[in-house]
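# Close look at the chain arrangement
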Amino acid sequence: AGVAVTAAILSALSGRCVRADTACTGEITLRGLVLPVGGIKEKVLAAHRAGIARILLPKRNEKDVAEIPDSVRAELEVVFVSDIVEAMAQLFDTHTKVTSVPWLREIEESERQERRRGRALSGKVNPMEPDDMGPGAEGSHTGHSFGAA
């Protein structure tokens, strides 16, 4: 998979959005290196036509930028990256703090409901005991507190 797929997965897992003004390309190795790809001129021209102002490219594709017309290059910020950590740092806004991920809350709520159903079926429900599986409770597998601080 490539840089864009990695960014999409990281976005879904973290709840953070990739910068809307940035396009990217490049293959990644299992060790996180960003490898060069073909068709740089075509990809950059397509991104420019779509209104993209910033493009991340593999460092080893730097020579291919010479093929892009000067008028297009003047309107773009081209960022070259060597590894996936560098690429993700450029693609995500680091100033945005995420306090919760909606899909994770849905999973946790579903798990709490399943536990309640299981206790109700086994007859082990004590209405006087607090719900031990609430957000931020000890034993919560995320350790996140979604309530007011």
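In what follows, the accompanying structure is described. What you are looking at is a predicted structure, and each value in this text was computed from that prediction instead of being measured. Numbering of residues starts from 1 in each chain and follows the order in which that chain's sequence is written. Thresholds applied to this predicted model are a pLDDT of at least 70 for local features of residues and 80 or more for the giving and counting of side-chain atom pairs; totals over whole chains, interfaces and linings are not thresholded and use all residues. Each side-chain value is derived from all of the structure's non-hydrogen atoms; neither hydrogens nor water enter the calculation.

### Observations regarding the environment of Thr-25
Per the convention used, a helix needs a DSSP run of H or I reaching at least four residues, while a strand needs a run of E reaching at least two, with both numbered from the N terminus. Structurally, Thr-25 is set in the loop between β1 (22–24) and β2 (27–28). Look at Thr-25 and you get buried, because its relative accessible area is 14%. Residues Thr-25 and Ile-40, 15 residues apart in the sequence, show an inter-C-alpha distance of 8.6 Å. Should any heavy atoms of two residues lie within 4.5 Å, those residues are counted as being in contact. Excluding residues within four positions of it along the chain, Thr-25 makes contact with Val-3, Val-37, Ile-40, Lys-43, Leu-56, Leu-57 and Pro-58. In this structure the side chain of Thr-25 is engaged in a polar contact, spanning 3.3 Å, whose partner is the side chain of Lys-43. Summary of the burial criterion: residues with accessible area below 20% of their type's maximum are buried, those above 50% are exposed, and those between are partly exposed, where the area comes from a 1.4 Å probe applied to protein chains only. The definition of a polar contact used here is a pair of N or O atoms within 3.5 Å, where within protein one atom must be able to donate a hydrogen and the other to accept one, and adjacent residues in sequence count solely through side-chain atom pairs.

### Thoughts on the sheet that holds β1
Paired through their backbone hydrogen bonds, the strands of a sheet run either parallel or antiparallel. Sheet architecture is open: 3 strands sit in the order β1-β4-β5, paired in parallel fashion. Here the strands that pair on one side only, and so sit at the sheet edges, are β1 and β5 (77–81). Ignoring strand direction, the axes of neighbouring strands in this sheet form an average angle of 25°. Any two strands between which DSSP finds at least two bridges are classified as paired. With 3 bridges connecting them, β1 and strand β4 (residues 54–58) associate as parallel partners. If you follow Ala-23 over to β4, its bridge partner there is Ile-55. Of the strands in this sheet, β1, β4 and β5 touch helix α4 (residues 84–91), which is tilted by about 150° from β5. Think of each axis as a best-fit line through the C-alpha atoms, taken over the contacting stretch in the case of a helix, with angles from 0 to 180 degrees between the N-to-C directions.

### Considerations on α4
Among the residues of α4, Ile-84, Ala-87, Met-88 and Leu-91 are the ones counted as buried. Looking down the long axis of α4, one finds its buried residues gathered within 95° of arc, a one-sided arrangement. In this fold, the buried residues of α4 make contact with α1 (3–14), β1, β2, β3 (34–35), β4 and β5. Of the residues flanking the start of α4, the one acting as N-cap is Asp-83, its side-chain oxygen 3.1 Å from the backbone nitrogen of Val-85. What the arc describes is the spread of directions from the helix axis to the C-beta atoms.

### So, the pattern of salt bridges
Think of a salt bridge as a Lys or Arg side-chain nitrogen and an Asp or Glu carboxyl oxygen that are within 4 Å of each other. According to the stated counting rule, one finds 8 salt bridges in the structure shown. Notably, a salt bridge pairs Lys-63 with Asp-64, separated by 3.9 Å at the nearest N-O pair. Between Asp-70 and Arg-73 there is a salt bridge, and its shortest N-O distance comes to 2.4 Å. Of this pair, Asp-70 and Arg-73 both sit in helix α3 (residues 70–73), 3 residues apart, which is roughly one turn of the helix. Classification of Asp-70 as exposed rests on a relative accessible area of 56%. Through salt bridges with shared partners, a single ionic network connects Glu-109, Arg-112 and Arg-116.

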